[in-house]
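An overview of the molecular structure
Okay, here's what each chain looks like letter by letter:
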Amino acid sequence: MRLAELSERSGVPAATIKYYLREGLLQPGRRVSATQAEYGESHLRRLRLVRALIQIGGVPVAAAREVIVAAEDESLDHRGRLDAVTMALPPRSEGPAEEDPAMETARRSVEGLLEHLGWSAEPGLSMLNPDHRRLVDSVAALVRLGYPCDIEQLLPYGRLAARLAVTDLDMIEERPTQAEQIEAAVALTVLYEPVLLSLRRMAHAEESARRF
């Protein structure tokens, strides 16, 4: 298809597609003349992924480019690429880490939680995972404010997360190719996190009405 049709089918303006091409977010089309190129279904899928990242997920262009690079890293196996793309996604918000006694308490709580869940928690390696660091930072913030965050309180959240992971990976595995599975991992991470937050808050309102 030509650029105009790609724009029509994807819902992305032609000027925006040209910008994505310049920024390396979209792979170049097959050149058919000095001024024209043809695009295929892979370009359409990529545009949907980029749109999910930038327009819906609010991911900055530079971070979106890192996700795309991770998705195409052929030095990694399939699991490695899935892990890489989700780890490349920036957090919704992240405050500065503060080294104090609360951080050590938080690390112990998180290590105990991961041990109870049977998740990988090798010393040193875990802290390379940005989500692990954010979890420790978040638990430390709870410690500082005096809210309960021992293993007993964290374990129900961990078990729910494990069940959600099964649901997510089942949806991802339904995609027919590895490339589409990687794209789905990114899109579902970006798009379903707001769904989870909204459902949690709605559930709180329902439970509050039931109790009080």
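This text goes with the structure placed above it.
What comes next concerns the included structure. Note that the structure is a prediction, hence the values are computed from the model and not measured.

Let's talk about the packing of aromatic side chains
The full count for this structure, using the stated rule, is one aromatic pair. Geometrically, the ring pair formed by Tyr-19 and Tyr-20 is tilted, given 6.1 Å between the ring centres and 45° between the ring planes. Note on Tyr-19: relative accessible area 31%, which makes it partly exposed.

Focus on the environment of Val-186
Relative to the helices and strands, Val-186 is located in helix H9 (residues 178-211). Given the relative accessible area of 1%, Val-186 is considered buried. Counting along the chain gives 43 residues from Val-186 to Val-143, while the straight-line C-alpha distance between them is 32 Å. With sequence-adjacent residues up to four places away left out, Val-186 is seen in contact with Leu-49, Leu-53, Val-67, Val-85 and Leu-89.

Focus: the side chain of Ser-109
Examined against the element boundaries, Ser-109 turns out to sit in helix H6 (residues 101-117). Contacts of Ser-109, omitting those with residues within four sequence positions, involve Val-139, Cys-149, Asp-150, Ile-151 and Leu-154.

Details of the pattern of salt bridges
Enumeration over the complete set of coordinates arrives at twelve salt bridges. Of the charged contacts, one joins Glu-104 and Arg-107 as a salt bridge, the two residues approaching to 3.8 Å between their closest N and O atoms. Here Arg-107 and Glu-104 lie together in helix H6, a separation of three residues that amounts to about one turn. Between Arg-210 and Glu-207 there is a salt bridge, with its nearest N and O atoms 2.5 Å apart. Highlighted residues: Arg-210 and Glu-207, both in helix H9, separated by three residues, approximately one helical turn. Its relative accessible area of 61% is what places Arg-210 among the exposed residues. With relative accessibility at 29%, the residue Glu-207 sits in the partly exposed group. One salt-bridge network, in which partners are shared between bridges, spans Glu-104, Arg-107 and Arg-108.

Criteria and cut-off values
Residues numbered from 1 in each chain as written. Predicted model: local features only at pLDDT ≥ 70, side-chain atom pairs only at ≥ 80, totals over all residues. Heavy atoms only, no water. Phe/Tyr/Trp six-rings, centres within 6.5 Å; stacked < 30°, edge-to-face > 60°. Buried < 20%, exposed > 50% of the residue type's maximum accessible area, 1.4 Å probe, protein only. Helix = DSSP H or I, 4+ residues; strand = E, 2+ residues; numbered from the N terminus. Contact = heavy atoms within 4.5 Å. Salt bridge = Lys/Arg side-chain N within 4 Å of Asp/Glu carboxyl O.

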